[in-house]
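# Overview (structure and organization)
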Amino acid sequence: LKKIDEIVENFKLAVEKYPTCVEAYALYAKVLQEKSDIDGADEMYKKGIELNPDNANLIVHRALLALQKTGDVDITMGEIQRAIKVDEKCEFAYETIGQIEIQRDNMEEAVKAFDKAIPLVNTELEMAHLFGLRESAFAKMISKRKLQELPTGMQDMGLD
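What you see is a predicted model; the values in this text were computed from it and never measured.

## A few points about the overall build of the chain
Counting its regular elements, the chain contains eight helices and zero strands. Each helix (α) and strand (β) of the chain, taken in turn from the N terminus, gives the series α-α-α-α-α-α-α-α. In terms of overall size, the chain is more extended than a compact globule, its C-alpha atoms giving a radius of gyration of 19 Å where 160 residues would be expected to give roughly 15 Å. Referenced to the eigenvectors of the C-alpha coordinate spread, the extents of the chain come out at roughly 65 × 35 × 30 Å. Of all 160 residues assigned to the chain, the portion counted as buried reaches 34%. For the chain, restricting intrachain contacts to residue pairs at least 6 apart in sequence, the fraction spanning at least 24 positions comes to 45%. For the chain, the exposed surface amounts to about 10,200 Å²; the carbon and sulfur share of it is 53%. Between the centroid of the 21 positive side chains of the chain and the centroid of its 30 negative side chains there is a distance of 2 Å.

## Remarks on the environment of alanine 113
With respect to the secondary-structure elements, alanine 113 resides in helix α7 (residues 107-117). Spatially, the C-alpha atom of alanine 113 lies 24 Å from that of tyrosine 45, the residues being 68 residues apart in sequence. The contacts of alanine 113, once residues within four sequence positions are left out, are Tyr94, Ile97 and Gly98.

## A look at α7
Where α7 is concerned, the buried positions are Met107, Ala110, Val111, Ala113, Phe114 and Ala117. Buried residues in α7, looked at end-on, bunch into an arc of 165°, giving them a common side. Buried-residue contacts for α7 involve α6 (91-103) and α8 (124-149).

The rules behind each value
- Residues numbered from 1 in each chain as written.
- Predicted model: local features only at pLDDT ≥ 70, side-chain atom pairs only at ≥ 80, totals over all residues.
- Heavy atoms only, no water.
- Helix = DSSP H or I, 4+ residues; strand = E, 2+ residues; numbered from the N terminus.
- Rg over C-alpha atoms; globule rule 2.2 N^0.38 Å.
- Buried < 20%, exposed > 50% of the residue type's maximum accessible area, 1.4 Å probe, protein only.
- Contact = heavy atoms within 4.5 Å.
- Areas by Shrake-Rupley, 256 points an atom, 1.4 Å probe, with all protein chains shown as cover.
- Lys, Arg positive; Asp, Glu negative; His and termini not counted.
- Charge placed at Lys NZ, Arg CZ, Asp CG, Glu CD.
- Arc of directions from axis to C-beta.

As structure tokens, this is what we get:
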């Protein structure tokens, strides 16, 4: 716990020393979020976005923080769509949409989001991760369709 407090203090000093460094605010926000200081993290994301309003990743991170705080998926998805308007090549935004759609059991939209994210990744590891998520959502989508084709009463004999 003492080490985390030391890290928080170092980030506090970093943003004071480098008040125009967007990355310092973003990293500080992540540390505060890990410490469950949601309001402090939100303030750091907000400052980062004020410095660089075109940073779509920060918009997505702040939207996820709001989801953690409020549980309001619709507002979060609206903010993620705003991030995409800012930067249509924001892989993180599409990946996040895909993961939220999986949580909402909306596999078709998840697959579409992952299909948009995959061409935008920078590493093979990221591609493998997204492709795995996409294929999992796709398999669930196909399974759901197949179960709907079964005669009434046989659905319970399906995939359990």
